[in-house]
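# Observations on chain architecture
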Amino acid sequence: MIEAVSCGGVVIFRGKILLLYKNYKNKYDGWVLPKGTVEPGETHEETALREVYEETGVKASIVNYVGKSNYSFVAPDDTVEKEVHWYLMTSENYYSRPQKEEFFVDSGYYKYHEAWHLLKFANERQILERAYSEYQEIRKNNRKNNFNAN
């Protein structure tokens, strides 16, 4: 068994969530959140920001740690046990471009209910639920603070 650690982000701009569409030789296709493998010497935060940028072209900022997901899959020679650490992130605009070298063919921002239904994997939908709930709570608190400051 191979153990692997990845990090990624639920990137939100004006309430919409950034997704990527991957199509690998028509064997694997579907909408996913940006994530990737931790490189030697990197923190989880650095990995998440780097992977979001590499896969989507988006320069995101971390708001908070959301949690982790675990899953396994069969590789040609072994089973891979993967742990993914997720961060709630924001971006400055709607710009994104999919990383073609990693077989991403589309990217874009989607409303919550669209993103939830588009995501291929249940564990990513759970992370999206957690991150979006936190995003809404932060927005609610910011509105209260802005109101109380006036």
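Quick look at the structure, then. (Residues numbered from 1 in each chain as written. Predicted model: local features only at pLDDT ≥ 70, side-chain atom pairs only at ≥ 80, totals over all residues. Heavy atoms only, no water.)

### Re the layout of surface pockets
- Volume-wise, the largest pocket comes out at about 610 Å³.
- Lining the largest pocket are 21 residues, with Lys-22, Tyr-28, Lys-35, Tyr-71 and Lys-82 positioned closest to its centre.
- The set of elements that each furnish at least two residues to the lining of the largest pocket consists of strand E2 (16-24), strand E3 (28-32), strand E4 (35-37), helix H1 (44-56), strand E5 (61-74) and helix H3 (122-149).
- Counted by class, the lining of the largest pocket contains eight nonpolar, five polar and eight charged residues. (1 Å grid on protein atoms, 1.4 Å probe; cavity = no way out; pocket = protein on both sides within 12 Å on 5 of 7 lines; lining within 4 Å. Points joined across faces, edges and corners; volume = space filled by probe spheres on them. Helix = DSSP H or I, 4+ residues; strand = E, 2+ residues; numbered from the N terminus. Nonpolar A, V, L, I, M, F, W, Y, C, P; charged D, E, K, R; others polar.)

### Details of the packing of aromatic side chains
- In the structure shown here, the tally under the stated rule is ten aromatic pairs.
- With a centroid separation of 5.3 Å and 70° between ring planes, the pair formed by Trp-31 and Tyr-110 is classed as edge-to-face. A residue pair is termed long-range when its members are at least 10 positions apart, and Trp-31 in strand E3 and Tyr-110 in strand E7 (residues 104-110) qualify at 79 residues.
- In this structure Trp-31 comes out as buried when scored by relative accessible area, which is 12%.
- Look at Tyr-94 and Tyr-109: their rings are 5.4 Å apart centre to centre, the planes differ by 70°, and that puts the pair in the edge-to-face class. Remark: Tyr-109 occurs in strand E7 and Tyr-94 occurs in the loop between strand E6 (79-90) and E7; sequence separation between them is 15 residues.
- A relative accessible area of 38% places Tyr-94 in the partly exposed class.
- Exposure remark for Tyr-109: the relative accessible area of 11% places this residue in the buried category.
- Taken together, the ring pairs connect Phe-13, Tyr-94 and Tyr-109 into an aromatic cluster. (Phe/Tyr/Trp six-rings, centres within 6.5 Å; stacked < 30°, edge-to-face > 60°. Buried < 20%, exposed > 50% of the residue type's maximum accessible area, 1.4 Å probe, protein only.)

On their own, these measurements won't tell you what the molecule is for.
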